[in-house]
Amino acid sequence: MDRLYFIVNPVSGSGEGMRRFSLVRGILEKWGVEYGFCFSEYPGHAVKLAKAAIDAGETRLVAVGGDGTLNEVASVVKGYTGIKLGVLPFGTGNDFARGIGLPEDDEGLVNVLTGGKSRLIDAGMAGDGFFINVAGFGFDVDVVRYTEKYKRRLNGMLPYMLGILQSLIYLSRTEAEIVTDSGETFNVTVTLLSACNGTRFAGGINLAPLADYSDGLMDICILKKISRLRFLYLLPKYMKGKHLKYKNEFLYFKAKSVKVKTLTHSLMECDGEIKGETPAEFRVLSGAIDFMIGE
């Protein structure tokens, strides 16, 4: 087996990522697994480190951190053949790993990375922004912005819940025209639009329960114009993936691409990072990444 090369975000999970990576190193050494590693030092650094690692001959890269770190490494891996990608989900939300069904314990994760099994999964583009899990605009961008300050000192879903509650205070909407690759057009007032490769975001909210990482399609989930009170009523159902039956409030469909125009320019997020703004095209990158995954 080729050696594993870890690109580590040392501040992920408010430092918890470094503690767990130390434990993983102990497991690797106990099991006699050859590996190397490096540390990112600033946002975007993992992109440079991934390129340098591939240029140096590494073929099995592992992102250690949250969805943002995974996004950076995956954005490089998608441009190569013969390179496999894995993840140690040691960040705050870890939505990609949760959605794709990776184990949560350290030995289980190492077993995935050393098991030799992988499969091709999709990724996506939102304008010029790459995403492996979820991209969108509207309410989720507000959640990203407000959550960031809580992530510095809190882990798990709590930062996202606080971000959601703060975003509700400033709930905004925009008129949008959405055109799919099949030519279907929707004109709708959008509170939230998410283009989903994975099933979950914001610390575990199951916004795209029908999403499949390998079907060559994005799941588009649109929350229409809605009051704060109605949003609070639907939030528990939204979190559990039980929202699709509420067709007056949610629009949900699959597509290879959608073009979106909005009445006002709206910032977009890709895997929890602000990248670009509308108008934009969301499109799938079918089978873009050879991902290390267990049974």
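Now for a look at the structure at hand.

Conventions we followed
- Residues numbered from 1 in each chain as written.
- Predicted model: local features only at pLDDT ≥ 70, side-chain atom pairs only at ≥ 80, totals over all residues.
- Heavy atoms only, no water.
- Helix = DSSP H or I, 4+ residues; strand = E, 2+ residues; numbered from the N terminus.
- Rg over C-alpha atoms; globule rule 2.2 N^0.38 Å.
- Buried < 20%, exposed > 50% of the residue type's maximum accessible area, 1.4 Å probe, protein only.
- Contact = heavy atoms within 4.5 Å.
- Areas by Shrake-Rupley, 256 points an atom, 1.4 Å probe, with all protein chains shown as cover.
- Lys, Arg positive; Asp, Glu negative; His and termini not counted.
- Charge placed at Lys NZ, Arg CZ, Asp CG, Glu CD.
- Core = buried A, V, L, I, M, F, W, Y, C linked by side-chain atoms within 4.5 Å.
- 1 Å grid on protein atoms, 1.4 Å probe; cavity = no way out; pocket = protein on both sides within 12 Å on 5 of 7 lines; lining within 4 Å.
- Points joined across faces, edges and corners; volume = space filled by probe spheres on them.
- Nonpolar A, V, L, I, M, F, W, Y, C, P; charged D, E, K, R; others polar.
- Salt bridge = Lys/Arg side-chain N within 4 Å of Asp/Glu carboxyl O.
- Arc of directions from axis to C-beta.
- Phe/Tyr/Trp six-rings, centres within 6.5 Å; stacked < 30°, edge-to-face > 60°.

Focus: the overall build of the protein chain
1) Next: Helices and strands together make up the secondary structure of the protein chain, namely eight helices and 15 strands.
2) Next: For 295 residues, the compact-globule estimate of 2.2 N^0.38 gives 19 Å, and the C-alpha radius of gyration of the protein chain, at 19 Å, lies within 12% of that figure.
3) Next: C-alpha extents for the protein chain along the principal axes are approximately 55 × 40 × 35 Å.
4) Next: Buried positions account for 56% of the 295 residues belonging to the protein chain.
5) Next: By sequence separation, contacts in the protein chain at least 24 residues apart represent 74% of the contacts at least 6 residues apart.
6) Next: When the accessible surface of the protein chain is split by element, carbon and sulfur atoms take 51% of a total near 12800 Å².
7) Next: Here the protein chain carries 35 positive and 34 negative side-chain charges, and the mean point of each set is 6 Å from the other.

Things to note about the nonpolar core
1) Next: Among the nonpolar cores identified, the biggest contains 51 residues, and F6, L88, I289 and F291 are the most heavily contacted of them.
2) Next: In terms of nonpolar packing, the next biggest core, distinct from the first, is built from 24 residues, F131, F137, M268 and C270 among them.

Regarding empty space enclosed by the protein
Empty pockets left among the atoms are what a rolling probe the size of a water molecule brings to light.
1) Next: Scanning the entire structure with this criterion turns up three cavities of 30 Å³ or more.
2) Next: One number sums up the size of the largest cavity: a volume of about 40 Å³.
3) Next: As for the largest cavity, its lining consists of F139, V143, I164, F201, A202, I205 and Y238.
4) Next: Looking at the lining of the largest cavity, its residues break down into seven nonpolar, no polar and no charged.

Considering the pattern of salt bridges
1) Next: All told, the structure shown has seven salt bridges when counted by the stated rule.
2) Next: The partner of K84 in a salt bridge is D290, with the nearest N and O atoms 2.7 Å apart. Note that K84 is positioned in strand β4 (residues 84-89) and D290 in strand β15 (residues 280-292), a separation of 206 residues in sequence.
3) Next: Accessibility expressed as a relative area gives 21% for K84, which makes it partly exposed.
4) Next: In this structure, D219 engages K254 in a salt bridge whose closest nitrogen and oxygen atoms are separated by 2.7 Å. Of this pair, D219 sits in strand β10 (residues 218-224) while K254 sits in strand β11 (residues 250-255), placing them 35 residues apart in sequence.
5) Next: Through salt bridges with shared partners, a single network forms among D215, D219 and K254.

A few points about helix α2 (residues 45-55)
1) Next: Along α2, the residues that are buried comprise H45, A46, L49, A50, A53 and I54. For α2, the arc enclosing every buried residue in end-on projection is 165 degrees, short of the 170-degree limit, so these residues lie on one face. Residues K48 and D55 are exposed on α2 and point more than 90 degrees away from its buried face.
2) Next: Of the surrounding secondary structure, the elements contacted by the buried residues of α2 are β1 (4-8), β2 (35-39), β3 (60-65) and α3 (67-77).
3) Next: Looking one or two residues past α2, G57 carries a phi angle of roughly 105 degrees, positive in sign.

Examining the packing of aromatic side chains
The way to describe two aromatic rings as a pair is by their centre distance and the angle between their planes.
1) Next: In this structure the tally under the stated criterion is nine aromatic pairs.
2) Next: An angle of 25 degrees between the planes, with centres 5.7 Å apart, marks the rings of Y238 and F250 as stacked. Of this pair, Y238 sits in helix α8 (residues 228-239) while F250 sits in strand β11, and the two are twelve residues apart along the sequence. Per residue, the accessibility class of Y238 equals that of F250, and both read buried.
3) Next: Clustering of aromatic rings is evident, with ring pairs tying together F6, F21, Y35, F37 and F39.

Structural notes on the environment of R25
1) Next: Of note, R25 is situated in helix α1 (residues 16-31).
2) Next: Distance in space between the C-alpha atoms of R25 and D106 is 10.0 Å, their sequence separation being 81 residues.

Just distances and angles here, no functional claims.
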